[in-house]
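Chain by chain, the residues run as shown.
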Amino acid sequence: MTRPLIMGAVAYAPKVVTIWEGFKEYFRRHDFEFDFILYSNYERQVEAQFDGTLDIAWNSPLAWVRAQRMALARGQTVRAVAMRDTDCDLTSVLVVRSDSAVVASGGLSGLHGKTIGFGALDSPQANLIPRDHLRTQGLLAGRDYTARRFDLLSGKHGDHIGGERDAAQALMAGEIDAAWMIDGNHLAFSREGVLPAGATRIVARTGAYDHCNFTASPDAPTDAVDRFVGLLSDMAWDDPDVRPLLELEGLKAWRSGRTSGYALLARAVDDEKFYDAKGNILAADYRY
Amino acid sequence: MMKNFMMQKEIFLPLIIDIEDLGLDAGAHLLIKHGLASVPVGGEIVVSGRVPGWEAQLSAWCRAQGHALAFAADGAHITRSDIHAGRWRGATQTGHADPQQHGAVHEHSLPCYGLAARGATVEAGAPEYAFRLDKKHEVWTDNAADLYAQAVAAQWDPEQAIDWHAPFDLPAEVEDAVAQVMTYMIENENAALVVPARFLGQLHPHFREVQAVLAIQVADEARHIEVFTRRLRMRGREPALSTAGGQASLKTLLDEADFSVAGFLLSVLGEGTFVSLLNFLHEHAPDPVTRQIARLASRDEARHVAFGMAHLLRRLEREPEFRTRLANAVEARNDALSGTSGLNEEVFDALILLAAGEFTPAAIAIGYARVQALMIDMAEGRLGRLLRLGFEEKTARRLAALHTRNFM
């Protein structure tokens, strides 16, 4: 039997098993040997990209930043080979209650002394990039505002949106003054009724950043990776056999990987001292 | 607010949609969707808004929807993607809601129609449901919708329709006889409930009108069981005797897997006979409550018979040879029940007593004669229905005579 391409993915929710079993079946239908290993956290998954365990990994943006730094430190290269259409150009928004005195203008000075809700410590979208954004506005946690973390499932880099949802609920309950979330989650929480229509207002928005990508490990077999990417590109939304998989994974089409959308996060990782330049974990209170 | 799609000297200006101060967290996406629907794939609309952060919301929405988005001085330019059409490629059209329309009810309803409303467009890849009864000729009746409408209009509330406080006082022997007859009727109605209920679960929902008839038939029987039980207990009685022969007769109805054959045995022959019995009770029952119950239940049962007849007439018109199958079913059932005693003695005697009304030789003589008349009425009813179904008279008489002595 041909050695399958081994992919790593983080099991942030039960549906992850359904998704990758479905992909495995899809690849097998196309005579491509593929298997996957599930990890409970991104840190161990990224490390497995450097010990020969994984050929490729479905990485969070933070995992990508770490993989890139670890590769650089070893004189190796990792490649972002594919991503979802929905991974491109995300922004996070800072939301307040509609009756809040905080306004978007004036450099967010209204946030002074307020309590702001963030997602998990390792969430790029609801912690690292938002903190970076506030820092660029001259606002530092502990000095200018109180940060309250809604830490759920550490090690999963915020993939589990429960932290953002908890923050949104705390906002509506009046426990905090503002909450960070991905722009799409602001709409999702509105659909769920967590954020009643018109009850909240966006007062800040981060710059655009990219989200997940398939990261090829330094020693990944190129032909197999190319075939993998080719088969991903062939997954058509029109095809009723693959549409459920695309819906579960939250995309309409796969795109080629790009690395231009991770600069904001890389800066935030440095500023927040989450990883060092070699990809070592610095954050002292990070458990995964 | 939507501004007009303008055409000036062959130049198409993009549709401009101002969502004003409505956010996409409050429904503004509907205005945008509506606008996009009015331009072709690849066409562009321009959106402007006032609510703080509307740009972020719009970006998130377009990303999720697969539409390209670019911001310019005059607003957000959205290019309509063709991704949404993709979901409906290869979709299945499932007939029409109105059964009168041409092609409305398919001869063979497919597993992939699933639970969709008849007439709906079903996305490819929807799960397949294994409904055993999926062929029109096996289940359909052209007047099912009318029969259902009649049934809905004729529903009655036992609390309102029956005067449970009407005064009467029966001799203990007669009251016992009423309890025995009610016991027997409940048993039979249990069969009349379970048989359509089983088919209901196997029937493809594409045949909505037939589904509705079966459902209300089940509800009718549940109501009958309730009122028979209530009458039985009115004077402190418990249900009386249930014989092996009676149950064996009913079991053959439950064992019949063919919808049409089961309908023939249960509705046309069984419930048809039951209508005679209910009419008998309406006329001769010794107390007003039983008489009222019998009258109301008889009306319902007559509808059930009408449905069975209508279905069989349609099927036999298309498949005359199916008559042989029906005849065989009566004979097979007769054979299966040959070792049983038929109508139990207790029920027969109870009917005499009930029709007598009192425990005297003169009254019993009248009761006996009335039950004999009932037997003749039942046999004639069966014969009449068999003739209407197109059986030759000789065959019809033979089959009518072979019908179970348990009545149902």
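Residues numbered from 1 in each chain as written. Chains lettered and ligands numbered in written order. Predicted model: local features only at pLDDT ≥ 70, side-chain atom pairs only at ≥ 80, totals over all residues.

> Any details on the domain arrangement of chain A? Residues and values, ideally.
All names here are of chain A. In terms of domains, chain A is made up of domain 1 (5-87 + 211-271) and domain 2 (92-205). Between domain 1 and domain 2, the C-alpha centre-to-centre distance is 28 Å. When contributions to the side of domain 1 that touches domain 2 are tallied by element, the ones reaching two or more residues are α2 (42-48), α3 (61-74) and α9 (263-271). If you tally residues by element for the side of domain 1 that touches domain 2, the top one is α9, at six residues. Partitioned by chemical class, the residues of the side of domain 1 that touches domain 2 number eleven nonpolar, three polar and three charged. (Domains from an automatic or database assignment. Helix = DSSP H or I, 4+ residues; strand = E, 2+ residues; numbered from the N terminus. Nonpolar A, V, L, I, M, F, W, Y, C, P; charged D, E, K, R; others polar.)

> How would you sum up the confidence of the model for chain B? Please name residues and give values.
Averaged over all residues, the pLDDT of chain B equals 93, while 96% of them reach at least 70. Listed scores for the predicted complex are pTM 0.83 and ipTM 0.88. (pLDDT = per-residue confidence, 0-100.)

> Quick one: what's the story with the nonpolar core, residue by residue and with numbers?
In terms of nonpolar packing, the biggest core is built from 101 residues, with A:M7, A:A178 and A:L265 touching the most fellow members. If you tally residues by element for this core, the top one is α3(A), at seven residues. If we skip the residues at most four places from it in the chain, A:A178 touches A:L94, A:V95, A:V96, A:V102, A:L111, A:K114, A:I116, A:G117 and A:L171. Grouped together as the second largest cluster of nonpolar side chains are 77 residues, B:V139, B:V268, B:A294 and B:L374 included. (Core = buried A, V, L, I, M, F, W, Y, C linked by C-beta atoms within 7 Å. Buried ≥ 20, exposed ≤ 12 C-beta atoms within 10 Å, placed from the backbone. Contact = placed C-beta atoms within 7 Å.)

> Go over the pairing of strand β9 (residues 200-205) of chain A with me, naming the residues and quoting the values.
Residues and elements named next belong to chain A. A large share of β9 lies buried, amounting to five of its six residues. By the bridge criterion, five bridges tie strand β5 (residues 92-97) to β9 in an arrangement that is antiparallel. Among the inter-strand pairings, V96 is bridged to a residue of β9, identified as R201. (Pairing = 2+ DSSP bridges.)

> I'd like a description of the environment of A:L128, backed by residues and values.
Residue and element names in this part refer to chain A. In this structure, L128 sits in helix α4 (residues 124-136). Note: C-alpha distance between L128 and E272 (144 residues apart in sequence) is 7.0 Å. Those residues in contact with L128 that lie beyond four places of it in its chain are S123, L265, A268, V269, E272 and F274.

> Report on the sheet that holds strand β3 (residues 56-59) of chain A, specifying residues and quantitative values.
All names here are of chain A. What the six strands build is an open sheet, ordered β2-β1-β3-β10-β4-β11; its pairing is mixed. If you trace the sheet from one side to the other, it starts and ends with β2 (34-39) and β11 (254-256), each paired once. Within the sheet, the average angular offset between the axes of one strand and its neighbour, ignoring direction, is 25°. Contacting β1 (5-10), β3, β4 (79-84), β10 (213-216) and β11, helix α7 (residues 222-233) crosses the sheet at an angle of about 15° to β4. (Axes fitted to C-alpha atoms, helices over the stretch in contact; angles between N-to-C directions.)

> Can you break down the domain arrangement of chain B residue by residue, with the values?
Interfaces are often sized by the accessible area lost when the parts come together. Residue and element names in this part refer to chain B. Segmenting chain B into domains produces domain 1 (7-85), domain 2 (90-130) and domain 3 (136-402). Here domain 2 and domain 3 have C-alpha centroids that lie 35 Å from each other. Broken down by class, the residue content of the side of domain 2 that touches domain 3 amounts to four nonpolar, four polar and two charged.

> Quick one: what's the story with the interface of chain B and chain A, residue by residue and with numbers?
Chain B puts 21 residues into the contact, and the matching count from chain A is 25 residues. Mapped by element, the contributors of at least two residues to the side of chain B that touches chain A are α2 (54-65) and α3 (83-87) of chain B. The biggest single contributor to the side of chain B that touches chain A is α2(B), with seven residues. Within the side of chain B that touches chain A, the residues separate by chemical class into nine nonpolar, nine polar and three charged.

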